[in-house]
Amino acid sequence: MIAITQLAAEKNLPKEVVLQAMEAALVSAYKKDSDIAGNVAVRIDRETGDHHVYLERAVVQEVTDDKIEIGLPDARKRKPDVMPGDVLLDEVHPSQAGRIAAQTAKQVVLQRLREAEREMVFEEFSNREGDIVSGVIQRMEAKHFVVDLGKTEAIFPAAEQVRNEHYRAGQRLKLYLLEVHRSIRGPQLIVSRTHKNLLRRLFELEVPEIFRGVVEIKSIAREAGFRSKVAVAARQEGIDPVGSCVGLRGIRIQNIVNELNGERIDVIQWDADPSRFVANALSPAQVLNVRISEEDNTASVIVPDRQLSLAIGKEGQNARLAAKLTGWRIDIKPESAMQEVLAAAATTAAKAPRRTAAKAAAPTAVDATQPWQEAVQAEEAAASTEAEVAAEAPVEAVTAAARIRFAEEVAPKDGTAKKKKAKKVEKPEEEVEVEGRTKKAPKRARRLAAVADDDDENIDLEDFGSWDGDKEGDTDDDA
């Protein structure tokens, strides 16, 4: 019993588990070294350490195998209240086990103890799945490392290793327990250094407010080894979530950065308003305006021209992490490009009301007098008045039916007009060539020429009587 107690302490197993392993080992030893046939059971006294060997037989109505079964009448002779299906134990006293039987018992004990240890390890680490474990790198096997966690070993695969970190044997690391499952060799543990929840657990270790639940981590976006963004919010009024995570003079966040070998960490204030949350997520860049489109899950962000490269980040890292953190597709545009779009939109909007106003002011009646028609009529009336004054024509000659005649209508067709008349008619008929186009004389000049022609028309002499050149006193000169 002393040896069993010591073995249980070394293996960190309950004493009952070791005793059960010893009973199973004794059963296998007696079966191998003695002639006992049937079901053998061994019971070890927990106080004295004495063991007893029993032969188990089931109570049945009809016996088919007397080595493992006993009839109901015979069983009731030994135990009156026995019922079919019960098991009777008959103690036997086999001879002492030999060397081979003892070796067999030893192997059984070791095997049972290993199975118990594996089960204990699996139960322990399955409850810690998703938590941080501390281990020492033992060796490298084909691109993955084997990490000693104390009670067992874990596998650190290449896919879960940070690219810019260099590992060596004997190095102690904090790792995220990613997966625990059973295998032929026992429980298999997979650990990681790239998982974003490693950052969450490190914050819980370093920041008491997060551990107590006063400050909550809403979301995490991480590119392992380079940069991470963490959105935090306070559950209690009067607490600064960002300040709690950073700590006095940045001591808390610096411990996490040192554990992650210099990985940059941005702590962001979470906000229920998506536009404000997106603006905060693009920190340290300044944001002028954010427009949210829920239909296509897009956030259009306007930043100053000098902040564009900072908002996008190196190789788009800042914008990519902000999109992962917020869950929105982020479209970043500079302020100058947005001003051009707004100017074009304003010009289009200004043209549209003018067209609408012009259509509204259009006359509905076909024969309505337009302003330009009134101006033309006034000009024509003024021109007619001037022509009348220049001609000094009698009032009775101007009637309502009279019209203005142009030079080409009054000039004789035979071309026998006087030179004076030709000059006067010729001037308004001139055509001036200006810049390759033919331009007629002004309308007013044509009207004045027409009035002058009326003055020079041939006068019928019969209206003034006959003239006789042979009368006295009449000479050719007088004529």
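The numbers attached to residues start from 1 for each chain and follow its sequence in the written order. At least 70 in pLDDT is required for a residue's local features to be given in this predicted model, at least 80 for side-chain atom pairs to be given and counted, and no such filter applies to totals for whole chains, interfaces and linings, which use all residues. Hydrogens and water molecules were not included; the side-chain quantities draw on all heavy atoms of the structure.

J.: I keep staring at the layout of surface pockets and nothing clicks. Help me out?
T.: With a probe scaled to a water molecule rolled over the atoms, the places where space remains empty come into view. Of the pockets and cavities examined, the largest pocket occupies roughly 600 Å³. For each structure, a 1 Å grid was placed over the protein atoms alone; sets of points admitting a 1.4 Å probe that cannot get out are labelled cavities, open sets with protein on both sides within 12 Å along at least five of seven lines are labelled pockets, and lining residues have an atom within 4 Å of a point. Thr152, Glu153, Arg185, Gly186 and Pro187 are the residues nearest the centre of the largest pocket, which is lined by 23 residues in total. Secondary structure elements follow DSSP: runs of H or I no shorter than four residues count as helices, runs of E no shorter than two count as strands, and numbering proceeds from the N terminus. Top contributing element to the lining of the largest pocket by residue count: helix H4 (residues 99–127), with six residues. Among the residues making up the lining of the largest pocket, the classes are represented as seven nonpolar, six polar and ten charged. Grid points are joined across faces, edges and corners, and a volume is the space filled by probe spheres set on the points. Each residue is assigned to one of three groups, with Ala, Val, Leu, Ile, Met, Phe, Trp, Tyr, Cys and Pro labelled nonpolar, Asp, Glu, Lys and Arg labelled charged, and all others, Gly among them, labelled polar.

J.: Would you mind showing me how to read the sheet that holds strand S9 (residues 186–192) here?
T.: Note on sheets: strands pair through backbone hydrogen bonds, and any given pair is parallel or antiparallel. Pairing between strands requires that DSSP locate at least two bridges from one strand to the other. On the basis of which strands lie adjacent, the closed barrel formed by five strands has the order S5-S6-S7-S9-S8 and mixed pairing. The average angle at which neighbouring strand axes cross in this sheet is 50 degrees, direction not considered. Of the pairings in the sheet, the one linking strand S6 (residues 144–148) to strand S7 (residues 153–156) comprises four bridges and is antiparallel in character. Counted as the bridge partner of Phe145 is Phe156 from S7. Packed on one face of the sheet, H4 meets strand S5 (132–141), strand S8 (172–183) and S9 and runs near 120 degrees to S8. Note on contacts: a residue pair qualifies if any of its non-hydrogen atoms lie within 4.5 Å across the two residues. Only C-alpha atoms enter the line fits that serve as axes; for helices the fit covers just the stretch in contact. Angles between N-to-C directions range over 0 to 180 degrees. Strands in contact with helix H5 (residues 196–206) are S5, S8 and S9; relative to S8, the strand with the most contacts, it is inclined by about 120 degrees.

J.: Looking at this structure, how should I read the nonpolar core?
T.: Counting 24 residues, the largest nonpolar core has Val42 and Leu113 as its most contacted members. Secondary structure elements with two or more residues in this core: helix H1 (2–10), helix H2 (15–33), strand S1 (39–44), strand S2 (51–60) and H4. Among the elements that take part in this core, H2 stands out by supplying nine residues, more than any other. Excluding residues within four positions of it along the chain, Val42 makes contact with Glu23, Leu26, Val27, Tyr30, His51, His52 and Val53. Working definition of a nonpolar core: buried Ala, Val, Leu, Ile, Met, Phe, Trp, Tyr and Cys residues. They are joined through side-chain atoms within 4.5 Å. Relative accessible area decides the class of each residue, using a 1.4 Å probe on protein chains only: under 20% of the type maximum gives buried, over 50% gives exposed, and in between gives partly exposed.

J.: What's the story with the confidence of the model for the protein chain in this structure? I'm lost.
T.: The predicted structure's coordinates, where accompanied by low pLDDT, should not be read in detail. Residues of the protein chain with pLDDT of at least 70 account for 72%, and the chain-wide mean is 76. In predicted models, pLDDT denotes the confidence assigned by the predictor to each residue on a 0 to 100 scale. Per-residue pLDDT stays below 50 along residues 357–372; that stretch engages in three contacts with residues further than four places along the chain or on separate chains. Throughout residues 455–479 the model reports pLDDT below 50, and contacts reaching past four residues in sequence, or to other chains, amount to ten contacts.

J.: Would you mind going over the packing of aromatic side chains with me for this structure?
T.: The relative placement of two aromatic rings is captured by the distance of their centres and the angle of their planes. Aromatic contacts are taken between Phe, Tyr and Trp rings whose centres are within 6.5 Å, Trp giving its six-membered ring; a plane angle under 30 degrees counts as stacked, one over 60 as edge-to-face, and the others as tilted. A full pass over the atoms with the stated rule returns three aromatic pairs. Centre to centre, the rings of Phe156 and Tyr167 are 5.3 Å apart; their planes meet at 70 degrees, and the pair counts as edge-to-face. Here Phe156 is found in strand S7, whereas its partner Tyr167 is found in the loop between S7 and S8, with eleven residues between them in sequence. On the basis of relative accessible area, Phe156 is assigned to the buried category, the value being 0%. Taken together, Phe145, Phe156 and Tyr167 form an aromatic cluster joined through their ring pairs. Here Arg182 stacks its cationic end above the ring of Phe122, 3.9 Å away from the centre of that ring. Against the face of Trp270 rests Lys218, its NZ or CZ located 4.5 Å from the ring centre. Two conditions define a charge located above a ring, namely a distance within 6 Å from the ring centre to NZ of Lys or CZ of Arg, and an angle within 35 degrees of the ring normal.

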